[in-house]
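# Observations on chain architecture
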Amino acid sequence: MKSCLIAVLTLLAGPVVAWDQASAMPRPEVHGAWPAGTDARSAELRWEEDQVQERYVIENRLPRTLTVTLEALAGPARRTGLLDAHPDGLYTEWRVQWRDRPVVPRQVVRAFLAGQDLTPWLQTLGVDPARALADEAYRQTWSRTTLDQLVRAGAVRTEDASRLPAWSVVQARGWTLQVPPGVSTLQWRYRLRAGVSQRTGDDPALRALAGQHCQALDGPGAEGDVAWRLTELVWPLGVGDLPLPPVRVLGRWHQPSARPLGTWSCQPGVALRDADGARVLSGEVQPLDGRWSLVVAERQEP
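First, a word on scope: everything that follows refers to the structure included in this document. The structure presented is a predicted model; accordingly, all values stated were derived computationally and were not measured.

What follows deals with the overall build of the protein chain. From N to C terminus, the protein chain includes six helices and 17 strands. Sequence-distant contacts, at least 24 apart, represent 79% of the contacts inside the protein chain between residues at least 6 apart. When the accessible surface of the protein chain is totalled, it reaches about 14,800 Å², and 51% of it is carbon and sulfur.

So this is what it looks like as structure tokens:
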């Protein structure tokens, strides 16, 4: 029977491990400037298996209704197919509720190349950036003038006749919220995503991660031939530039084949325990620069 040492590392800086599956961001960052007179009264992060809910209670202290616009960019979808064929990268299941009512986002596809937003320029050329990535027949309809401009800008590859674009596309979403006087509730709902990495006990990256953020790996099981599975989550907690109070965290997931031999946490108030065959993480965290990171390390023994 296998046993497993579970280590929960609450990170206050970026991870130092190169993750085999790099999509550790459960949702995109949300940007927006809240008007003066608004405060976050409470914040909560809950997840059950792969379903996540964030809940923010926001107060407008002014006697009039205020307006705030929030925006988010999903991760890049490169030239691997249609946008709707990659829901995992575009967070298509992400749902937003404001004052217990669903909010339908505005959605715009943007094209980026070397960090530059090409969308306005492509619009002047009459080029659909998402369709250009997915549809070779559409690319063949471009005029010689349009193609020459794209090639000169380095926006289209010329290695073959398929005219493959060099840009990536991201899906921008925006929500405009009316904030009446008093208290309102904002909720996000989405599917959990994690970065996963396999390391052995003598891997310098594993030791650096534990040493920088918590403690050195020592004692039983630190041998070089012991395999560790690391699972990383990086939460961009918050709603724009609104300062947050400590965030209540409650996570629950099943690990039927694992038995914990011990746990540790680098931030006081966050604890991991077993309950009814599931792992339960609970406590309060204070995000640093709007983020809270979690690494779960499992030590497998024969």
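There's plenty left to go through after this.
Attention now goes to the pattern of salt bridges. Inspection of the entire model under this criterion finds eight salt bridges. The partner of Arg252 in a salt bridge is Glu48, and the shortest N-O contact between them spans 3.5 Å. Taken together, the positions of Arg252 in strand β14 (residues 247-254) and Glu48 in strand β3 (residues 38-48) put the pair 204 residues apart, joining distant regions of the chain. The residue Asp148 makes a salt bridge to Arg144 at a minimum N-O spacing of 3.6 Å. Of this pair, Asp148 and Arg144 both sit in helix α5 (residues 144-152), four residues apart, which is roughly one turn of the helix. For Asp148, a relative accessible area of 31% corresponds to the partly exposed category. Shared partners join several salt bridges into a network, and the residues in it are Glu44, Arg46 and Arg248.

One non-glycine residue with positive phi stands out, namely Glu49, at about 55 degrees. Assignment of secondary structure puts Glu49 in the loop between β3 and β4 (51-60). Among the residues examined, Glu49 registers a relative accessible area of 30% and is labelled partly exposed. At Arg99, a residue that is not glycine, the phi angle is positive and equals roughly 55 degrees. Mapped onto the elements of the fold, Arg99 is located in the loop between β6 (95-98) and β7 (101-102).

What follows covers the pairing of strand β15 (residues 271-275). Side-chain positions along a regular strand alternate between the two faces of the sheet. Sheet topology places β15 next to strand β16 (residues 278-285); five bridges connect them, and they run antiparallel. The residue of β16 that forms the bridge with Ala275 is Ala278. The loop that links β15 with its antiparallel partner β16 comprises two residues; one of these, Asp276, has a positive phi angle of about 55 degrees.

Before going further, it helps to spend a moment on the nonpolar core. Within the largest apolar cluster, 40 residues are counted, with the highest numbers of intra-cluster contacts made by Leu45, Trp47, Trp188 and Trp235. When residues no more than four places from it in sequence are discounted, the contact partners of Trp188 are Arg27, Val30, Val52, Gln53, Glu54, Tyr56, Leu70, Trp94, Arg95, Val96, Gly238 and Val239. Listed in part, the 15 residues of the second largest apolar core include Leu118, Val127, Ala132 and Leu133.

This part covers α5. Think of an α-helix as turning once every 3.6 residues; residues three or four places apart then point the same way. Of the positions making up α5, those classed as buried are Thr146, Leu147 and Leu150. Summarising the axial view, the buried residues of α5 lie within an arc of 95 degrees, below the 170-degree limit, and thus occupy one face. Exposed residues pointing more than 90 degrees away from the buried face of α5 are listed as Arg144, Thr145 and Arg152. Against α2 (119-125) lie the buried residues of α5. Backbone geometry just downstream of α5 places Gly154 in the positive-phi region, at approximately 75 degrees.

When you line up the elements, Thr119 lands in helix α2. Taking relative accessible area as the criterion, Thr119 reaches 4% and is therefore assigned buried. Here Asp117 takes part through its side chain, which lies 2.6 Å from a polar atom of the side chain of Thr119. Leave out the neighbours within four places in its chain, and Thr119 touches Val109, Arg110 and Ala111.

Quick notes on the rules
- Residues numbered from 1 in each chain as written.
- Predicted model: local features only at pLDDT ≥ 70, side-chain atom pairs only at ≥ 80, totals over all residues.
- Heavy atoms only, no water.
- Helix = DSSP H or I, 4+ residues; strand = E, 2+ residues; numbered from the N terminus.
- Contact = heavy atoms within 4.5 Å.
- Areas by Shrake-Rupley, 256 points an atom, 1.4 Å probe, with all protein chains shown as cover.
- Salt bridge = Lys/Arg side-chain N within 4 Å of Asp/Glu carboxyl O.
- Buried < 20%, exposed > 50% of the residue type's maximum accessible area, 1.4 Å probe, protein only.
- Pairing = 2+ DSSP bridges.
- Core = buried A, V, L, I, M, F, W, Y, C linked by side-chain atoms within 4.5 Å.
- Arc of directions from axis to C-beta.
- Polar contact = N/O pair within 3.5 Å; in protein donor to acceptor, adjacent residues only side chain to side chain.

The values reported here are purely geometric and, on their own, carry no functional implication.
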